[in-house]
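# Fold and geometry: a report
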Amino acid sequence: AGPGVLAAADRLYAEWRQRPERRGVGGEAAMMRDALGEPAERGFAAVWCRARDLGDFLFRYDPTQEEQSVLVQFVPAELRPWEIRRVRKFLRSEQSEGRSLQVRLQDLGSWDVWISATDAGPGDAAPGNEGVEPVGYVIDARIDPFRERVAGTERIEVEPLRDGVRVVGLEVHGDVMIERVADRRGGAAAFFRSGERVWVALERPLDRGETTELEIAFSGRMLQKVSTGLYALRDTSRWYPHCGTTDRATYDVTLHWPDRVDVVSGGSLVAGGTEGGIRWERRRVERPAVGFSFEVGEFAMERASLGPVAVRVAFDRSVSGIPAPARREVVDTVLAVLRTFREAFGEYPERELTVTTAPRGFSQSFPGYVTLAESTLTREDADDWDRRRRQRQQTIAHEIAHQWWGNLVGWRSYRDQWLSEAMANYASLLFLERSDGGGGAYVARMAAGWRGSLGVRVKDGRTLESLGPLVLGRRLSSSKSSEAYRAIVYRKGAVVLAMLARELGTDAFHDSLREVVRECADRAISTGEFVDELERLSGRELDDFARQYVYGTGVPEVYYTHESERDASGNWVVRGEIRQASSFHNRYAVVRAAEGRWDVRRARIDDLDVGRSRLVVPLRIEYALPEDDAAGVGAGRTGTIGRLDALLSVEGERQSFTLRVPGEPQRLRLDPGGEVLANFHDAGADPKSALQAEAQILEERGDVEAADRVLREALAAGRPPAGRVPREDRRERRTRDARILLDLARLHLDRGRDLEAADALRRALRTLPFGVRPWMRLDIAALEARLALRSGRVREAWAALRPVRGLLGAPRHSGNPRALQIERHLRQRQDVLAESTALLAVAATLSGRPREARRAVAEAIERGCDLGALRERPGPEAVPGAP
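What you see is a predicted model; the values in this text were computed from it and never measured.

### A few points about the overall build of the protein chain
A tally of helices and strands in the protein chain yields 26 helices and 36 strands. In terms of overall size, the protein chain behaves like a compact globule, its C-alpha atoms giving a radius of gyration of 31 Å where 883 residues would be expected to give roughly 29 Å. Seen along its three principal axes, the alpha-carbon backbone of the protein chain occupies a region of about 95 × 85 × 60 Å. Looking at the protein chain as a whole, 51% of its 883 residues are labelled buried.

### Topic: the packing of helix H5 (residues 324–345) against helix H13 (residues 506–520)
In the contact formed by H5 and H13, the axes pass within 7 Å of each other and the chain directions differ by 85 degrees. Taken as axis vectors, H5 and H13 run roughly perpendicular relative to one another. Of the residues in H13, those in contact with Arg-342, Glu-343, Ala-344 and Phe-345 of H5 are His-510, Leu-513, Arg-514 and Val-517. Residue composition of the contact of H5 with H13, by class: four nonpolar, one polar and three charged.

### Some thoughts on the pairing of strand E28 (residues 572–581)
Most of E28 sits inside the fold, with eight of its 10 residues counted as buried. Two strands pair when backbone bridges link them, and strand E27 (residues 557–566) and E28 are joined in this way by 10 bridges, in the antiparallel orientation. For Glu-563, the partnering residue across the bridge sits in E28 and is Arg-575. Here E27 hands over to E28 after five residues, with Gly-570 in that stretch at a positive phi of 90 degrees.

### Here we look at the packing of aromatic side chains
All told, the structure shown has 20 aromatic pairs when counted by the stated rule. When the centroid spacing of 6.0 Å and the interplanar angle of 80 degrees are considered together, the rings of Tyr-240 and Tyr-251 count as edge-to-face. You can see Tyr-240 sitting in the loop between strand E13 (230–233) and strand E14 (242–243) and its partner Tyr-251 sitting in strand E15 (residues 249–258), a full 11 residues away along the chain. Exposure remark for Tyr-251: the relative accessible area of 2% places this residue in the buried category. By the ring-pair criterion, three or more aromatic residues cluster together here, those being Tyr-137, Phe-218, Trp-239, Tyr-240, Tyr-251, Phe-292 and Phe-294.

### What to know about the pattern of salt bridges
Here the structure, examined in full by the defined rule, presents 81 salt bridges. One salt bridge connects Glu-148 with Arg-221, and the closest N-O pair in it is separated by 2.9 Å. Here Arg-221 lies in the loop between strand E11 (212–220) and strand E12 (223–227) and Glu-148 lies in the loop between strand E5 (132–144) and strand E6 (149–160), a separation of 73 residues in the sequence. One exposure class covers both Glu-148 and Arg-221, and it is buried. Salt-bridge contacts for Arg-392 lead to Glu-329; the nearest nitrogen and oxygen are separated by 3.1 Å.

### Re the nonpolar core
Phe-341, Ile-400, Trp-404 and Trp-405 are the most contacted members of the largest nonpolar core, which has 104 residues in total. Tallying contributions element by element places helix H12 (residues 484–504) first for this core, with 14 residues. The contacts of Trp-404, once residues within four sequence positions are left out, are Leu-338, Phe-341, Arg-342, Phe-345, Gly-346, Glu-347, Tyr-348, Pro-349, Val-409 and Val-517. Of all hydrophobic cores here, the second largest spans 42 residues; its members include Val-165, Val-172, Trp-239 and Val-253.

### Structural notes on helix H17 (residues 704–716)
The end-to-end C-alpha separation of H17 is 18 Å, in line with the 18 Å expected for 13 residues at 1.5 Å each. Restricting attention to buried positions, one finds in H17 the residues Ala-706, Ala-707, Asp-708, Val-710, Leu-711 and Ala-714. For H17, the secondary structure elements touched by its buried residues are helix H16 (687–700) and helix H18 (730–750).

### As for the confidence of the model for the protein chain
Chain-level pLDDT for the protein chain is 87 on average; 90% of the residues reach the 70-or-more range. For residues 630–638, every residue scores under 50 in pLDDT, and the model assigns this stretch 18 contacts once sequence neighbours within four places are set aside. Ignoring residues within four places in sequence, the model shows residues 875–883, a span with pLDDT below 50, making 14 contacts including any to other chains.

### A word on the sheet that holds E13
In spatial order, the strands read E12-E13-E19-E16; together these four strands make up an open sheet with antiparallel pairing. Of all the strands in the sheet, the pair left with one neighbour each is E12 and strand E16 (262–265). On average, each strand axis in the sheet is tilted by 25 degrees relative to the strand beside it, whichever way the strands run. Relative to strand E19 (residues 294–297), E13 is paired through two bridges, and the arrangement is antiparallel. Bridging across to E19, Leu-230 finds its partner in Gly-297.

### Brief notes about a negative patch on the surface
Taken together, the side chains of Asp-532, Glu-541, Asp-543 and Asp-544 present a region of like negative charge at the surface. As for its placement among the helices and strands, Glu-541 is situated in the loop between helix H14 (527–538) and helix H15 (543–549). Owing to a relative accessible area of 47%, Glu-541 belongs among the partly exposed residues under this scheme.

### Remarks on unusual backbone geometry
Peptide bonds are mostly trans, and most non-glycine residues show a negative phi. Even without glycine at this site, Ser-100 takes up a positive phi of about 55 degrees. Counting through the fold element by element, Ser-100 comes out in the loop between helix H4 (81–96) and strand E4 (109–117). Accessibility expressed as a relative area gives 13% for Ser-100, which makes it buried. The phi torsion at Asp-522 lies on the positive side, around 65 degrees, for a residue other than glycine. Within the secondary structure, Asp-522 sits in the loop between H13 and strand E26 (523–525).

### As for the sheet that holds strand E9 (residues 191–194)
Ordered in space as E9-E10-E7-E14, the four strands form an open sheet in which the pairing is antiparallel. Each of the sheet's edge strands pairs with one partner strand only, and the pair in question is E9 and E14. The pairing of strand E7 (residues 165–171) with strand E10 (residues 197–206) spans six bridges and is antiparallel. Bridging from a neighbouring strand, Gly-169 pairs with Trp-199 of E10. On top of the sheet, helix H3 (residues 27–35) reaches E7, E9 and E10; it is set at about 10 degrees to E10, its chief contact.

Reading guide: rules and limits
Each chain carries its own residue numbering, running from 1 in the written order of its sequence. Two thresholds apply to this predicted model, a pLDDT of at least 70 for residue-level local features and 80 or more for giving and counting side-chain atom pairs, whereas whole-chain, interface and lining totals are computed over all residues. Note: side-chain values were computed over all heavy atoms of the structure, leaving out hydrogens and water. Strands here mean DSSP runs of E at least two residues long; helices mean DSSP runs of H or I at least four residues long; both are numbered from the N terminus. The size measure is the radius of gyration over C-alpha atoms, and the globule rule it meets is 2.2 Å times the number of residues to the 0.38 power. Each residue gets one of three labels from its accessible area relative to the maximum for its type: buried under 20%, exposed over 50%, partly exposed in between, using a 1.4 Å probe on protein chains only. Where helices are involved, their axes are fitted lines through C-alpha atoms of the stretch in contact, as for all axes, and angles between N-to-C directions lie from 0 to 180°. Roughly parallel refers to an angle under 35 degrees, roughly antiparallel to one over 145, roughly perpendicular to one between 65 and 115, and oblique to any angle outside these ranges. A contact between two residues is defined here by any heavy atoms of the two lying within 4.5 Å. Basically, the charged four are Asp, Glu, Lys and Arg, the nonpolar ten are Ala, Val, Leu, Ile, Met, Phe, Trp, Tyr, Cys and Pro, and anything else, Gly included, counts as polar. The rule for pairing is simple: two strands pair if DSSP sees at least two bridges between them. Any two of the Phe, Tyr and Trp rings considered here, Trp counted by its six-membered ring, make a pair once their centres fall within 6.5 Å; the pair's planes then place it as stacked at under 30 degrees, edge-to-face at over 60, or tilted in between. Salt bridge criterion: a side-chain nitrogen from Lys or Arg within 4 Å of a carboxyl oxygen from Asp or Glu. To qualify as a nonpolar core, a set must consist of buried Ala, Val, Leu, Ile, Met, Phe, Trp, Tyr and Cys residues joined through side-chain atoms within 4.5 Å. The span you would expect from a helix comes to 1.5 Å times its residue count less one. The predictor reports its confidence for every residue as pLDDT, a score running from 0 up to 100. Here the term patch refers to residues with relative accessible area over 30% and no salt bridge, with like charges joined within 9 Å and nonpolar side chains (Val, Leu, Ile, Met, Phe, Trp, Tyr) within 5 Å. The Shrake-Rupley method, run with a 1.4 Å probe, gives the accessible areas here. Residue values count only the displayed protein chains as cover. Charged residues are defined here as Lys and Arg on the positive side and Asp and Glu on the negative side; His and the ends of the chain fall outside this count. Positions of charges follow a simple convention, taking NZ of Lys, CZ of Arg, CG of Asp or CD of Glu.

Okay, here's the thing in structure tokens:
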């Protein structure tokens, strides 16, 4: 190789050594294992790749990992220059105080996992692992809140999972220093650190059937003073070193601290006392547990018991002003939750339960120990305390449910952790239901937020729900969205369990859950094992249900129509039809149109196969009671209105139903409580929207003539029947008609009928009421730009896309409230923004604006647009910004 190539290689290697990917790949540990002759490390490989459009990727094959083949991408945080300066200053300050020691500016960002897979197939051996699992932790720690430090020694008994293990990997918070590691005989063991991972070399290989013990001395600034007498533990689980893949072990923990403060922790008290102004407690967790934690502060303690279980609730200084009756209410809630879950899931698995407030924004659960975010109990006045009672009760119930789901019954891998969180969410709603007879209403209350959160669209036009199934676990958090994990695992997961309860029958489902807890206690289970257990206990086949809701994505759009009439005997009959359609998103591609003109075309991508979709849907009909019906019929009665509740099994794309009703039907609703993972639309009440949706399906199937006809029907559709929905005013009707005309214009453009498209666009602009057009600027701009580009009028296309340019960093509106409101609305239109940025990339490139083109190309690629045709266009110039 020549000098230029060698210099370029040196620069590339220097860049690689500073990259976050190198720290995260585990290469140092692989080289250490290989040098020590550990057989499992043979075959390790890591490749740093640079893709033309999508940037840098890292492929790693590591036989010691649970999923050996991983393709990941590090996406750096988007920081402006002033933000970079602020972060650097903050890190310098933190590191001078002994905090954030392992954090580098270049490490700030997100890890997107594109592929993660195991070699194991049907009948193969288990997936890879870290090589050892802990049997038990013995920790002796000194807590010094005044210096904000935790220091101590830890003995970990480990057992190998394969022969020839020479290296034990530890995980610990970046600010915890490992001062010494010794083997069972007390001799020092070699180790090195990379970020939050520590690798320890054993004196000799360890084979299956043997155990060894590591003694680790550690210390770090793991406490942070919040206020006088109140301290926050900066990491509740990694304040001491951990090891293993599953990492479920027993704990024997002794804590020492100054007697001027209090310490509360989990497990069962074995011994304790005070010596020379230092208090100490020894606590044990005798069942395999995921961790051990504690809190430091000045606490007001409330005590109670439930049979043999001792209960204590500690209120820290920040909430100690809550009067005794209010504190007692919290204690009573804890006891009521324990009683409910003891009945639902079996006996409480520990001898003690400690519940404490904690100065952080999340609540948490360890065996025998629950922390509640102080915001759960913070009150501004008595009204606020009462108003937030249900939220407080739900949080307490959620965390205590983890004593069974998450602690007693663990999860095998990150793909199975949703079982813990979704089940705790479902159990908390079960408690609310049983505590005051709320029935399914509490599932509905919880579900009230899932539609909005799961339906949020990210930059490439997909919804949060479509980013991945429940079993994707922590990988749901990515550069696409930091909210997807909570929305999918917590909210969707609880709705899926509620649907599963209806599928199996609520009583049978709860009986099965109790049996699962009994049979799977003290071990970690997988999602597949959970489903298999439910199938065995219920005698029902659940493969299709699991495929659609657990392992799949997609929320059906359900449209229904119905009518009622009297039969020959004078009874009322309701006949209806249900149609399922898939939720979808669009992908956009730049194409060469006729005569060398340019266009941007869309392709619809459905999120699920509705032909295989199955729903069990609650149906409610309200009807007028006959005058001679004194008792009323159905599930409920209010005045002269009766109610009939039923369950419909909906399968496939279309299905009919017939029901007999004791009185004249007044109202029919599917899923009245919002308990089913689908969006329901009464097509009779909203015919325009239903016809628009049908036109989209027809267009996707290629039947554009039928789609054209249906859109015209939607335009001509009249008002919904009186009483079905609130009356629309004239402004709302005109706005809806304008949207239909815009859909019609887009359909004409896709068919190459530019004149008809231009006419439909003009009609839409005339129909739009005054003041509404700013909310539809992107739709209008995209259509105008497409018409201009298809006619070769590049500068007109550039001018039409002015609203999009404003969103990509060009000078924006003044800061008046309405302009800012419009801008926020436009940013929520991710689908049309993707189309518009692709059009902008074409217009900027063809009109010779390289700076704007680079920005538009980068944005369009990030939104998933295909710019291949633009890059490959004839001519000597390249697309600005294209790699």
